[in-house]
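The lines below spell out each chain.
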Amino acid sequence: MGRVGAVRMSERLRAPGEVRSGSLRLVLLDRDGVLNRRAPEGRYVLNPNDVRLLPGAARAVGALTAAGVLVAVVSNQRSVALGLVDLADVQRVSDRIDAQLVVAGGRIASWHICPHAIGSCRCRKPLPGLLLAALKQHGVAPEEAVMIGDQESDIVAGHAAGVATVRLAPATTVTTADWVAPDLLAAVGWLRISTPP
Ligand SMILES: [Mg+2]
Ligand SMILES: [Zn+2]
């Protein structure tokens, strides 16, 4: 593998007037609807056999890993509080996603899961607890991180943690996110990856 290049927020990813010129070190990813397909409305991805990666997701994580950017997953899994699964089941789903990403060279540096019921903790998104835990674990400043999610609660959590935000959604979606992208591969493609000579 060659030298790891610096990764910067591209011009296209920079909000008007914003001075966010630091290197990107950590990408925070929501799970369902970002890495893998969401379950039908009112249902959950409970079993590893239900994991279906979204098109381009593995390639996107592989590109970040190759560029030396850390990737952490921050995911609400209320299914645990509802008694539908336990944490070991959630771990099996994480393991399956890890296994499917690794074939494309992608590595998740850490998984951060909120298993709690609504209103019972400090970590369930839109609260920033999971994101702050990831930043702390990896010693990364908010200016060096971006949150990518498909729900507005991901974006609100990102704002609260002080990181840049990308919402994966149709371009016409009303959102407070800094940027909107159709999918993870497009979002990652907007990050400028430069390799020193
Ligand atoms: Mg989601
Ligand atoms: Zn929680």
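Just so you know, these numbers come straight off a predicted model, no measurement behind them.

1. Some details on the overall build of the protein
Assigned secondary structure in the protein consists of 5 helices and 8 strands. Traced from its N-terminal end to its C-terminal end, the protein shows the element sequence β-β-α-β-α-β-α-β-α-β-β-α-β.

2. Remarks on the confidence of the model for the protein
Residues of the protein with pLDDT of at least 70 account for 85%, and the chain-wide mean is 87. Contacts for the low-pLDDT stretch residues 10–21, under 50 throughout, to residues beyond four places or in other chains number 13 contacts. Confidence over residues 193–197 falls short of pLDDT 50; this stretch has 10 contacts with residues more than four positions distant or in other chains.

3. Observations concerning helix α2 (residues 87–102)
Taking 1.5 Å per residue, 16 residues should reach 22 Å; α2 reaches 22 Å between its end C-alpha atoms and fits that length. For α2, every residue scored as buried is listed here: Val 90, Val 93, Ile 97 and Leu 101. Down the axis of α2, the sector holding all buried residues measures 75 degrees, keeping them to one side. In α2, the exposed positions that point more than 90 degrees away from the buried face belong to Ala 88 and Ala 99. The inward-facing, buried residues of α2 abut α1 (57–66) and β4 (110–114).

4. Here's the deal with the sheet that holds β4
The sheet built from 6 strands is open, its strands ordered β4-β3-β2-β5-β6-β7 with parallel pairing. With partners counted over all chains shown, the strands left at the sheet margins are β4 and β7 (179–181), one partner each. Neighbouring strand axes in the sheet, compared pairwise and without regard to direction, differ in orientation by 20 degrees on average. Two elements, strand β2 (residues 26–29) and strand β3 (residues 70–76), share 4 bridges in a ladder whose sense is parallel. Bridging across to β3, Leu 28 finds its partner in Ala 72.

5. A word on the nonpolar core
By size, the foremost hydrophobic cluster in this structure holds 50 residues, and its most contacted members are Val 27, Leu 28, Leu 131, Val 146 and Ile 148. It is α1 that contributes the most residues to this core, 6 residues altogether. If we skip the residues at most four places from it in the chain, Val 27 touches Leu 64, Val 69, Val 71, Val 146 and Ile 148.

6. Describing the environment of Val 73
Here Val 73 lies in strand β3. By the C-beta count within 10 Å, which is 23 here, Val 73 ends up buried. For the pair Val 73 and Leu 29, spaced 44 residues apart in sequence, the C-alpha to C-alpha distance is 4.7 Å. Apart from the residues within four sequence positions on either side, Val 73 is in contact with Leu 29, Arg 31, Ile 108, Trp 111 and His 112.

7. Considerations on the packing of helix α3 (residues 129–138) against helix α4 (residues 152–161)
At a minimum axis distance of 8 Å, the contact between α3 and α4 shows a crossing angle of 50 degrees. Between α3 and α4, the crossing angle belongs to the class labelled oblique. Considering only the axes of α3 and α4, their crossing is right-handed. Residues Leu 131, Leu 132 and Leu 135 of α3 form the contact with α4, whose participating residues are Ala 157, Gly 158 and Ala 161. Class assignment for the residues of the contact of α3 with α4 results in 5 nonpolar, 1 polar and no charged.

The rules we used
- Residues numbered from 1 in each chain as written.
- Chains lettered and ligands numbered in written order.
- Predicted model: local features only at pLDDT ≥ 70, side-chain atom pairs only at ≥ 80, totals over all residues.
- Helix = DSSP H or I, 4+ residues; strand = E, 2+ residues; numbered from the N terminus.
- pLDDT = per-residue confidence, 0-100.
- Contact = placed C-beta atoms within 7 Å.
- Expected span 1.5 Å × (residues − 1).
- Buried ≥ 20, exposed ≤ 12 C-beta atoms within 10 Å, placed from the backbone.
- Arc of directions from axis to C-beta.
- Pairing = 2+ DSSP bridges.
- Axes fitted to C-alpha atoms, helices over the stretch in contact; angles between N-to-C directions.
- Core = buried A, V, L, I, M, F, W, Y, C linked by C-beta atoms within 7 Å.
- Parallel < 35°, antiparallel > 145°, perpendicular 65-115°, else oblique.
- Left-handed = near helix turned anticlockwise from the far one by under 90°.
- Nonpolar A, V, L, I, M, F, W, Y, C, P; charged D, E, K, R; others polar.

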